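Given next are the chains, with one letter for each unit.
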Amino acid sequence: MLISVITVVKDDVPGLLTTAESLRCQDFVDWEWLVKDGKSTDGTVQALAELEPVPAWQESTADSGIYDAMNQALPHARG
């Protein structure tokens, strides 16, 4: 069973890095990570380029808030 983990972020590099670290520590391997950034201005886009694990999908565009961001990511989820 594939699990899709969707992270929405805006101007929160520390939170994004914490999430990446948490995913790296998982024993379960059948997952994908999708990241929707709300057009951050704090270095989040640069951090996304250097993430490990690499998100299966990522996008950095303006949105109308957290639920809009989740809805934009959802069609890309396979799990």
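Our structure is the block above this text.
Residues numbered from 1 in each chain as written. Predicted model: local features only at pLDDT ≥ 70, side-chain atom pairs only at ≥ 80, totals over all residues. Heavy atoms only, no water.

> Give a description of the environment of Glu32 that names residues and reports values.
One can find Glu32 in strand S2 (residues 31–37). By relative accessible area, Glu32 is classed as buried at 4%. When the C-alpha atoms of Glu32 and Ile6 are compared, they prove to be 8.5 Å apart, with 26 residues separating the residues in sequence. In contact with Glu32, not counting residues within four places along its chain, are Leu2, Ile3, Ser4, Val5, Ala56, His76, Ala77, Arg78 and Gly79. Polar contacts involving the side chain of Glu32 include one to the side chain of Ser4, which spans 2.5 Å. (Helix = DSSP H or I, 4+ residues; strand = E, 2+ residues; numbered from the N terminus. Buried < 20%, exposed > 50% of the residue type's maximum accessible area, 1.4 Å probe, protein only. Contact = heavy atoms within 4.5 Å. Polar contact = N/O pair within 3.5 Å; in protein donor to acceptor, adjacent residues only side chain to side chain.)

> Residues and numbers for the pairing of S2, please.
The buried fraction of S2 is high, at six of seven residues. Where strand S1 (residues 3–9) meets S2, seven bridges bridge the pair, whose relative direction is parallel. Bridging across to S2, Val9 finds its partner in Asp37. In this fold, S1 hands off to helix H1 (residues 13–24), which returns the chain to S2; that crossover is right-handed. With four bridges joining them, S2 and strand S3 (residues 57–60) adopt parallel strand pairing. Residue pairing in the sheet places Asp37 in a bridge with Ser60 of S3. (Pairing = 2+ DSSP bridges. Right-handed = clockwise from strand over helix to strand, strands pointing away.)

> Could you give an account of unusual backbone geometry, with specific residues and numbers?
The linkage connecting Glu52 with the following residue, Pro53, adopts the cis geometry, with an omega of 10°. Of note, Pro53 is situated in the loop between helix H2 (44–49) and S3. Unlike most non-glycine residues, Asp11 shows phi in positive territory, near 55°. By the element assignment, Asp11 lies in the loop between S1 and H1. According to the relative accessible area criterion, Asp11 is partly exposed, its value standing at 35%.

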